[in-house]
Amino acid sequence: MNIVVLVKQVPDTWSERKLSDSDHTLDRASADAVLDEINERAVEEALLAKEAHGGEVTALCMGPERATEAIRKALSMGADKAVHLSDEALHGTDAVGTAKALAKVVGTLESVDMIIAGNESTDGRSGAVPAMLAELLGWPQLTYARSLSLDGSTVTIERETDAGVTSVRAELPAVVSVTEKINEPRYPSFKGIMAAKKKPVSTLTLADAGIDAGEVGLSGALTQMVSSAPAPPKEAGQQVTDEGDGGTRIVEFLSGKNLV
Amino acid sequence: MVDYRLNDEHEQLRLSVRSFATKEVAPVIGDYYEREEFPYPLVSGMARMGLFGLPVAEEYGGMGGDYLALCVALEELARVDSSVAVTLEAGVSLGVMPIYRFGDQRQRERWLPGLASGEMLGAFGLTEPGGGSDAGATRTTAELRGSEWVINGSKAFITNSGTDMTGLITVTAVTGTKPDGGNEISTIIVPAGTPGLTVAPKYSKVGWNASDTHELAFDDCRVPAENLLGERGRGYAQFLATLTEGRVAIAALGVGLAQGCVDECLRYVDERSAFGRKIGENQAIQFKLADMELRAHTARLAYYDAADRMLRGEPYQKQAAIAKLASSDAAMDNARDATQVFGGYGFMNETPVGRFYRDAKILEIGEGTSEVQRMLIARELGLPAR
């Protein structure tokens, strides 16, 4: 069972996140960068599958040079090796470009049985890359998994969305995206941290992976961000003194918002 | 060149433990503390991370790290809570290390895999009801009768000695008389549950309330002769070495508490307003926080220095005593100041600083009182022993 886990470095959700003024892309220097939490769960699920069925876990990351820190976290948790697609020309790549680039890199890897990804990153939040990647590879997609089980060459998930829970099954190879309910990720041990330093990380440029530079980056993006503004500060709440009519006032407030 | 920064692996470990402490420990520890309950799920989580095996070689199921790695983990845990930190501290520095350092091959193979993986906890029975710092005055006896040691006496304030996970207690006992007439002290491994060993109900404590502490009674408690740890008569030297190491670990724990006070205050002074502005804008508060950071920082450098000398195999008794003293002072002073910054809320058990205040005091007492540390430093300065 050879599993590729998509990992992404994102600005820590605990720190203040900003877009750059010039091209409205993420200002990566402004915030602490961490491995996206949903990816930790994806890595965990891959490691559980490997522990049960054998094989190898490869972390695949597209991102700038400093994304090596996120890769190392995945390796410290127990992934066996990593592939890092890093090229300045990737700056500003949108979801479609990202899926195309990742599909090319997956094509360079040998015998991949399953790709596991987080359902959506905490920065871009498009939630589309796993599905796009599956489409480009021509593999089944099993998204929003809250549980995953493997049986021979079949993968089964419980798919949970606002519409309900469904059971989805597909033949491998397949792409699975997981939600935050899938598992509790392990914390890297000291042994894992030390072992991570010796694990192979191959760094690829666009040319190495055979990616057409015209399909990625800001210029290749199918979507364009034309303007951005910081979220407005929270407005002060409205205080209502109960003068015997508190209940009525609450109903008035709620019905004014069409909530009752 | 002096380098006071952690190397890359230790820094990664620090981040990993910090993440565990803030995500897993912080949300639930207040309730355990209030109920005076041992937090088994958290201790299991620490075990899964390999924290109990940090300084132990991989061949015995450890992580192949060093004592500084343990200290770094302790600091980050204590930044959030001292009960879980002291459970690890006592589990490793007092539970694992005597067996790792002084045990023979058979003893190491029998006990270390369980202890280092955190499947079982080890405890160290040194202190007695009649004396802590004067450990030479041990009254518990162990008599070799045939192929068994027969132990009689009692031990006090023994951390990790009564949990469901407790696997063994290493006990110091008088095993005879030395040629000079003094007591011959040896260390003996007593597996948990051995007949004749009675674990008293847990103490009601001022602090460290989610940690496990008991008094132990030995009444004709019999263990095989082979449970002698290392050489007969080496008990005194063994526990001195164990305690010197342990001082550095406790120092790290105290630094964590001192830094946790800074963390909590930084959050609070940005939220709390009085007289029309955030209290963090007041110089009186700012200076308090500056002093708190100063204490945590300098105490941290002191334990880094002691740990560095230990790992280099150099003498570090003086530095260990300085680190322990500086750290427990920093913890106590910061806890007092943090509680003051929080005002009435600081006096509530539900705030972490209220917990820190209660947890700080024991740091001036446990594993060598502040007076003992001063005595050790004075002796290292060449001043006469009384």
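Treat the numbers as computed from the prediction; the structure is a model and nothing was measured. (Residues numbered from 1 in each chain as written. Chains lettered and ligands numbered in written order. Predicted model: local features only at pLDDT ≥ 70, side-chain atom pairs only at ≥ 80, totals over all residues. Heavy atoms only, no water.)

Section: the domain arrangement of chain B
All names here are of chain B.
Here is step 1: On domain assignment, one finds that chain B holds domain 1 (8-122), domain 2 (123-232) and domain 3 (237-380).
Here is step 2: On a C-alpha basis, the centroid separation for the pair domain 1 and domain 3 is 20 Å.
Here is step 3: Contacts between the two partners involve 26 residues from domain 1, matched on the other side by 29 residues from domain 3.
Here is step 4: Taking both sides of the interface into account, the surface hidden between domain 1 and domain 3 amounts to around 2,200 Å²; carbon and sulfur atoms contribute 59%.
Here is step 5: Among the residues domain 1 hides against domain 3, the three largest losses belong to Tyr33, Glu75 and Arg79. Together they make up 28% of the total.
Here is step 6: Measuring nitrogen to oxygen at the nearest pair gives 4.0 Å for the salt bridge that ties Asp263 to Arg18.
Here is step 7: Summed over the shared surface of domain 1 and domain 3, the number is 8 residue pairs in polar contact (both at pLDDT 80 or more).
Here is step 8: Looking at the side of domain 1 that touches domain 3, the elements with two or more residues in it are helix H1 (8-35), helix H3 (67-78) and helix H4 (82-102).
Here is step 9: Per-element tally for the side of domain 1 that touches domain 3: the top contributor is H4, with 10 residues.
Here is step 10: Counted by class, the side of domain 1 that touches domain 3 contains 15 nonpolar, 3 polar and 8 charged residues. (Domains from an automatic or database assignment. Contact = heavy atoms within 4.5 Å. Buried area = accessible area lost by both parts, 1.4 Å probe. Salt bridge = Lys/Arg side-chain N within 4 Å of Asp/Glu carboxyl O. Polar contact = N/O pair within 3.5 Å; in protein donor to acceptor, adjacent residues only side chain to side chain. Helix = DSSP H or I, 4+ residues; strand = E, 2+ residues; numbered from the N terminus. Nonpolar A, V, L, I, M, F, W, Y, C, P; charged D, E, K, R; others polar.)

Some remarks on the UniProt feature "domain: Acyl-CoA dehydrogenase/oxidase N-terminal" (unreviewed entry) in chain B
Here is step 1: On the UniProt side, "domain: Acyl-CoA dehydrogenase/oxidase N-terminal" (unreviewed entry) is annotated at positions that read residues 7-119 of chain B here.
Here is step 2: Regarding residues 7-119 of chain B, the helix share stands at 73% and the strand share at 0%, and the terminal C-alpha atoms are separated by 29 Å. (UniProt positions renumbered as here; feature names shortened; annotations may be inferred.)

Some thoughts on the UniProt feature "domain: Electron transfer flavoprotein alpha/beta-subunit N-terminal" (unreviewed entry) in chain A
Here is step 1: Sequence positions flagged by UniProt for "domain: Electron transfer flavoprotein alpha/beta-subunit N-terminal" (unreviewed entry) are, in local numbering, residues 23-213 of chain A.
Here is step 2: The annotated region residues 23-213 of chain A carries 32% helix and 29% strand content, and the separation between its end C-alpha atoms amounts to 19 Å.

Here's the deal with unusual backbone geometry
It is generally the case that most residues other than glycine have a negative phi and that most peptide bonds are trans.
Here is step 1: In this model, A:Leu172 is joined to A:Pro173 through a cis peptide bond whose omega is 0 degrees.
Here is step 2: Considering the arrangement of structural elements, one finds A:Pro173 in the loop between strand E9 (164-171) and strand E10 (174-178).
Here is step 3: You will see that B:Asn160, though not glycine, has its phi angle at about 70 degrees, which is positive.
Here is step 4: Secondary-structure assignment places B:Asn160 in the loop between strand E3 (148-159) and strand E4 (166-177).
Here is step 5: You will see that B:Phe275, though not glycine, has its phi angle at about 55 degrees, which is positive.
Here is step 6: For B:Phe275, the position within the fold is in the loop between strand E8 (273-274) and strand E9 (277-278).

Section: the packing of aromatic side chains
Residues and elements named next belong to chain B.
Here is step 1: Scanning the entire structure with this criterion turns up 7 aromatic pairs over all chains.
Here is step 2: Ring geometry for Tyr60 versus Tyr100: centroids 6.1 Å apart, planes at 80 degrees, classification edge-to-face. Residue Tyr60 is located in the loop between helix H2 (40-48) and H3, and its partner Tyr100 is located in helix H4; the two are separated by 40 residues in the primary sequence.
Here is step 3: For Tyr60, a relative accessible area of 5% puts it in the buried group.
Here is step 4: On the basis of an interplanar angle of 70 degrees and a centroid distance of 5.0 Å, the ring pair of Tyr236 and Phe239 is categorised as edge-to-face. One end of the pair, Tyr236, and the other, Phe239, are both in helix H6 (residues 235-271), 3 residues apart, so they sit about a helical turn from each other.
Here is step 5: In this arrangement the basic side chain of Arg35 is found over the ring face of Tyr32, its NZ or CZ atom lying 5.2 Å from the centre.
Here is step 6: Residue placement shows Arg355 over the ring face of Tyr33; its charged tip is 6.0 Å from the ring centre. (Phe/Tyr/Trp six-rings, centres within 6.5 Å; stacked < 30°, edge-to-face > 60°. Buried < 20%, exposed > 50% of the residue type's maximum accessible area, 1.4 Å probe, protein only. Lys NZ or Arg CZ within 6 Å of the ring centre and 35° of its normal.)

Things to note about the interface of chain B and chain A
Here is step 1: Chain B puts 18 residues into the contact, and the matching count from chain A is 11 residues.
Here is step 2: Carbon and sulfur atoms supply 59% of the area that chain B and chain A bury against each other, a total of about 1,400 Å² over both sides.
Here is step 3: The largest share of the area that chain B buries against chain A comes from B:Glu9, B:Lys23 and B:Met63, three residues that together contribute 36% of it.
Here is step 4: Its salt-bridge partner being B:Asp8, residue A:Arg72 comes within 2.6 Å of it at the nearest N-O pair.

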